[in-house]
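Tertiary structure, described
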Amino acid sequence: MQIHLITVGKLKEKWLRDAYDEYDKRLQRYCRLTRIELPEARLSESPSDAEITAALRQEGQAILNACRGKMIALCIEGKLRSSEQFAEMLENAAVSGDSTVTFIIGSSFGLADEVKKKADMHFSISPMTFTHQIARVLLMEQLYRAFQINTGGKYHK
């Protein structure tokens, strides 16, 4: 299975990069993971709604240009799933011929409406609010957990 993770912005904190890299290493035996980090649109110190919308459109176009396969947008409107349901969703994607799945995490202002409309699925990690950088690490952990569930590993209890 091929998994693409498209994100806007870079992981800035070393501890987040370390956590991401650890799960990236663990996932190598289960899938081919590609990280695509797109630049954040530049905004003023106190951006207006119009400026934010324009930035999201710019980021959204870059996201759509980078997407491959089944598109899953992480957004607050997305459906909550248990770890088992997430694992089942990945397994179903692989079985149905969607061997390429792209997860999309936007910037701190979210995702452009165009990206949400084109996504095959909307997914929410939690009803709680997390930074988009922490969401990236949480997604990596859940991807690893999903593969462990699907292969009968001991990680998921």
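First, a word on scope: everything that follows refers to the structure included in this document. (Residues numbered from 1 in each chain as written. Predicted model: local features only at pLDDT ≥ 70, side-chain atom pairs only at ≥ 80, totals over all residues. Heavy atoms only, no water.)

So, the packing of aromatic side chains
- Enumeration according to the criterion identifies 6 aromatic pairs in this entry.
- On the numbers, 5.5 Å between centres and 15 degrees between planes, the contact of Y30 with F147 is stacked. Of this pair, Y30 sits in the loop between α1 (14-27) and β2 (32-38) while F147 sits in helix α5 (residues 132-150), and the two are 117 residues apart along the sequence. There is no split in this pair, since Y30 and F147 are both buried.
- Note on F86 and F123: the rings are 5.0 Å apart at their centroids and 20 degrees apart in plane angle, and the pair reads as stacked. Highlighted residues: F86 in helix α3 (residues 83-95) and F123 in strand β5 (residues 121-124), separated in sequence by 37 residues. In terms of burial, F86 and F123 fall into one category: buried.
- Through successive ring pairs, a cluster of aromatic residues spans Y23, Y30, Y144, F147 and Y155. (Phe/Tyr/Trp six-rings, centres within 6.5 Å; stacked < 30°, edge-to-face > 60°. Helix = DSSP H or I, 4+ residues; strand = E, 2+ residues; numbered from the N terminus. Buried < 20%, exposed > 50% of the residue type's maximum accessible area, 1.4 Å probe, protein only.)

With respect to the pattern of salt bridges
- Counted by the stated rule, this structure contains 10 salt bridges.
- For K14, the salt bridge identified is with D18, shortest N-O distance 2.7 Å. Taken together, the positions of K14 and D18, both in helix α1 and 4 residues apart, correspond to about one turn of that helix.
- Shared partners join several salt bridges into a network, and the residues in it are K10, E37 and R136. (Salt bridge = Lys/Arg side-chain N within 4 Å of Asp/Glu carboxyl O.)

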